[in-house]
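# Breakdown of the fold
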Amino acid sequence: MLTQERSLATDLRIRYKPRMPKPAEHIDKPEPRWQAVLAFLAICAIYLALPPDLIVGPAWLLPTLIVVLLVPTAVSHRVGKLSLNRTLGFIISGITTLALIGSVILLVRTLPAHRESPLQLLRSGGLLWLTNVIVFALWYWRLDGGGPTLRRKQKTFGSTSFLFPQMQIPHDERREFSCAHWRPLFIDYVFVAFTQSSTFGPTDAPLLARWAKVFAMIQILISLTIIILLISRAVGVL
């Protein structure tokens, strides 16, 4: 009798054993930063390739500021000065954004004077359009989820500001698509910025955060201005 009672109690414990919640998905690998560094260096190269009429101040000023600020930014990240790293990142992105807007304004001012040939204007517009993509990709990468440093600390799945396609896959099917521990990297933000500048709106990654919507409107406005200027100049030539 006693053996039967023990067997019954063991069976009940097994049958009604509470299920432990599944551990939250997390990311262990640190997010690479070299892609963002290359993006800033690409902005320097593009800026030096612009005609003098479209450069705000001396041609060497913006590249020098970017390179000089990149050094303490990288060092502060290495030594763990996260607040300083974040502040310097904002400063660099702000400087590049102001330089981009200034160049677009100069492009608008030089268009009626016809100081550039159609081919030069097309080249200048293309360089500014590409700069627009890179600058706002850096902003999206810098601000999404509190920035790369905070995203690394939290090790969370997906994004908090953009609804990427991987985030829309059901939880139990993510392993089939090799995205069980997926998170956006810099190239994903470049794709978001590229499609928004090309289509003048979000495509595969809808915007969730209000700051992202504001930045997207600014980016689309700059891209639209550049393209309208190029079209109007082309029509004038024809």
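Not measured: the values here are computed from a predicted model. (Residues numbered from 1 in each chain as written. Predicted model: local features only at pLDDT ≥ 70, side-chain atom pairs only at ≥ 80, totals over all residues. Heavy atoms only, no water.)

This part is about helix α7 (residues 186-199). Taking 1.5 Å of rise per residue, the 14 residues of α7 would be expected to cover 20 Å, and the 20 Å separating its terminal C-alpha atoms lies within 8% of that figure. For α7, every residue scored as buried is listed here: F186, D188, Y189, V192, A193, T195, Q196 and S197. At the C-terminal side of α7, F200 shows a positive phi close to 60°. (Helix = DSSP H or I, 4+ residues; strand = E, 2+ residues; numbered from the N terminus. Expected span 1.5 Å × (residues − 1). Buried < 20%, exposed > 50% of the residue type's maximum accessible area, 1.4 Å probe, protein only.)

This part is about the confidence of the model for the chain. Per-residue pLDDT for the chain has a mean of 82; in total, 83% of the residues score no lower than 70. Across the chain, α7 holds the top mean pLDDT of 93, while helix α1 (residues 2-15) sits lowest at 48. In this model, residues 12-28 is a region of pLDDT below 50 whose contacts with residues beyond four sequence positions or in other chains number 14 contacts. (pLDDT = per-residue confidence, 0-100. Contact = heavy atoms within 4.5 Å.)

With 57 residues, the main nonpolar core has L128, F136, L138, Y140, F162 and F164 as its most contacted residues. By residue number, the principal contributor to this core is helix α5 (residues 118-143), which donates 14 residues. Those residues in contact with F162 that lie beyond four places of it in its chain are Y140, D144, M167, Y189, V192, A205, P206, L207, L208, W211 and A212. (Core = buried A, V, L, I, M, F, W, Y, C linked by side-chain atoms within 4.5 Å.)

Before going further, it helps to spend a moment on helix α3 (residues 61-79). With 19 residues, α3 should reach 27 Å at 1.5 Å per residue; the first-to-last C-alpha distance of 28 Å fits that figure. Among the residues of α3, L62, P63, I66, L69, L70, T73 and S76 are the ones counted as buried. On its buried face, α3 is in contact with α2 (34-49) and α4 (82-110). G80 lies just past α3 and shows a positive phi near 90°.

Turning to the environment of W182, a few remarks are in order. Relative to the elements of secondary structure, W182 occurs in the loop between α6 (148-154) and α7. You can call W182 buried: its relative accessible area is 13%. Sequence spacing of W182 and T156 is 26 residues, and the spatial spacing of their C-alpha atoms is 8.9 Å.

It is worth spelling out the packing of α4 against α5 at this point. It is at 10 Å that the axes of α4 and α5 come closest, and there the two elements cross at 155°. By the angle class used here, α4 and α5 are roughly antiparallel. Read as a crossing pair, α4 and α5 show a hand that is left-handed. Residues N85, R86, G89, F90, S93, G94, T96, T97, L100, S103, V104 and L107 of α4 pack against L121, L128, T131, N132, V135, F136, W139, R142 and L143 of α5. Looking at the contact of α4 with α5, its residues break down into ten nonpolar, nine polar and two charged. (Axes fitted to C-alpha atoms, helices over the stretch in contact; angles between N-to-C directions. Parallel < 35°, antiparallel > 145°, perpendicular 65-115°, else oblique. Left-handed = near helix turned anticlockwise from the far one by under 90°. Nonpolar A, V, L, I, M, F, W, Y, C, P; charged D, E, K, R; others polar.)

As a further point, take the side chain of N132. Relative to the helices and strands, N132 is located in helix α5. By relative accessible area, N132 is classed as buried at 0%. Engagement of the side chain of N132 in a polar contact is seen with the backbone oxygen of Q219, the distance being 3.1 Å. Discounting residues that sit within four places of it in the chain, N132 has contacts with L100, S197, Q219, I222 and S223. (Polar contact = N/O pair within 3.5 Å; in protein donor to acceptor, adjacent residues only side chain to side chain.)

The subject of this paragraph is the packing of aromatic side chains. Counted according to the given criterion, the structure contains 14 aromatic pairs. Ring centres 6.4 Å apart and planes at 75° place the aromatic pair F136 and F215 in the edge-to-face group. One end of the pair, F136, is in helix α5; the other, F215, is in helix α8 (residues 210-237), with 79 residues separating them in the sequence. Exposure remark for F136: the relative accessible area of 1% places this residue in the buried category. (Phe/Tyr/Trp six-rings, centres within 6.5 Å; stacked < 30°, edge-to-face > 60°.)

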